[in-house]
Amino acid sequence: MKLYADAPARRTRQVLADLLVVAWLVLWVWIGTAVHDGTAELAGPARQTDSSATAMAEQLREAGGRLGGAPLVGDELALPFDRAASGADGIAAAGRDTVEAVERLALLLGLSVATIPILVALAIHLPIRWRFVREATAGARFVDAQEDLDLFALRALAHQPMRALAKVSDDPAGAWRRRDPEVVRRLAELELADVGLRPPQSSPPAA
């Protein structure tokens, strides 16, 4: 698998783009975590309410239990404390519900803040990188000898804009049919450059 182009300038741009995307992901993960933590802190008072109300309910029940042991009027003395304990339980339950709601909100906000920019960046960057890797990997399988340049020269005739072909030759198709080595090589270089590859080095002529 070929991840980066052969040309140094293009390879540098690709590496920088990958690093920027990684930095972007880390940044938004950090921001999402900060938003989550900041929102979760809003549940602090509700947690304190839950804790205090629960402790109060336990103390009221304990006091009611002691008064309930009094002869004759014990049940009547304990009744207000039991009711007050039930009210404290309701306050504690409301505090717990508030904590759960704030925690769900914190999770939703944190994920939303981080996920949307990350998905946008990946939706732009990944298709570009995948298309390059796919084309470069496929092209690299064919570029191992001078004879393979003919295939890429033919592709250049079909894919490259006319102004690019005109810079190679006044008659690039005719030169390709005549197997003009210089024209074939220059045409192949145009197509190879698009997929981030370099043509194989020319072999020195035999002595």
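The text that follows walks through the structure, step by step, so that each part is easy to find. (Residues numbered from 1 in each chain as written. Predicted model: local features only at pLDDT ≥ 70, side-chain atom pairs only at ≥ 80, totals over all residues. Heavy atoms only, no water.)

On to the overall build of the protein. The secondary structure content of the protein amounts to seven helices and zero strands. When the accessible surface of the protein is split by element, carbon and sulfur atoms take 64% of a total near 13,500 Å². (Helix = DSSP H or I, 4+ residues; strand = E, 2+ residues; numbered from the N terminus. Areas by Shrake-Rupley, 256 points an atom, 1.4 Å probe, with all protein chains shown as cover.)

The next thing to look at is the environment of Ala121. Mapped onto the secondary structure, Ala121 falls in helix α3 (residues 74-140). Counting along the chain gives 100 residues from Ala121 to Val21, while the straight-line C-alpha distance between them is 7.0 Å.

Tallying each qualifying case throughout the model produces two salt bridges. A salt bridge links Asp18 to Arg129, with the nearest nitrogen and oxygen atoms 3.1 Å apart. Highlighted residues: Asp18 in helix α1 (residues 8-40) and Arg129 in helix α3, separated in sequence by 111 residues. Across the pair, Arg129 and Asp18 agree in class, each one buried. A salt bridge links Glu103 to Arg47; its shortest N-O distance comes to 2.9 Å. (Salt bridge = Lys/Arg side-chain N within 4 Å of Asp/Glu carboxyl O. Buried < 20%, exposed > 50% of the residue type's maximum accessible area, 1.4 Å probe, protein only.)

Let us now look at the side chain of His125. Secondary-structure assignment places His125 in helix α3. Residue classification places His125 among the buried residues on the basis of a relative accessible area of 13%. In this structure His125 touches Ala17, Asp18 and Val21, once residues within four positions along its chain are discounted. (Contact = heavy atoms within 4.5 Å.)

Okay, the side chain of Arg129 next. For Arg129, a relative accessible area of 12% corresponds to the buried category. One polar contact links Arg129 to Asp18, side chain to side chain, over a distance of 3.1 Å. Not counting chain neighbours up to four residues away, the residues in contact with Arg129 comprise Leu3, Tyr4, Gln14 and Asp18. (Polar contact = N/O pair within 3.5 Å; in protein donor to acceptor, adjacent residues only side chain to side chain.)

The next point concerns the packing of helix α4 (residues 149-159) against helix α7 (residues 181-194). Across the interface, α4 lies against α7 with an axial gap of 7 Å and an inter-helix angle of 70°. Between α4 and α7, the angle falls in the class roughly perpendicular. In this structure, α4 meets α7 at a crossing whose hand is left-handed. Listed contacts from α7 to Leu149, Asp150, Phe152, Ala153, Arg155, Ala156, Leu157 and His159 of α4 are Val184, Arg185, Leu187, Ala188, Glu191 and Leu192. Residues of the contact of α4 with α7, tallied by class, amount to nine nonpolar, one polar and four charged. (Axes fitted to C-alpha atoms, helices over the stretch in contact; angles between N-to-C directions. Parallel < 35°, antiparallel > 145°, perpendicular 65-115°, else oblique. Left-handed = near helix turned anticlockwise from the far one by under 90°. Nonpolar A, V, L, I, M, F, W, Y, C, P; charged D, E, K, R; others polar.)

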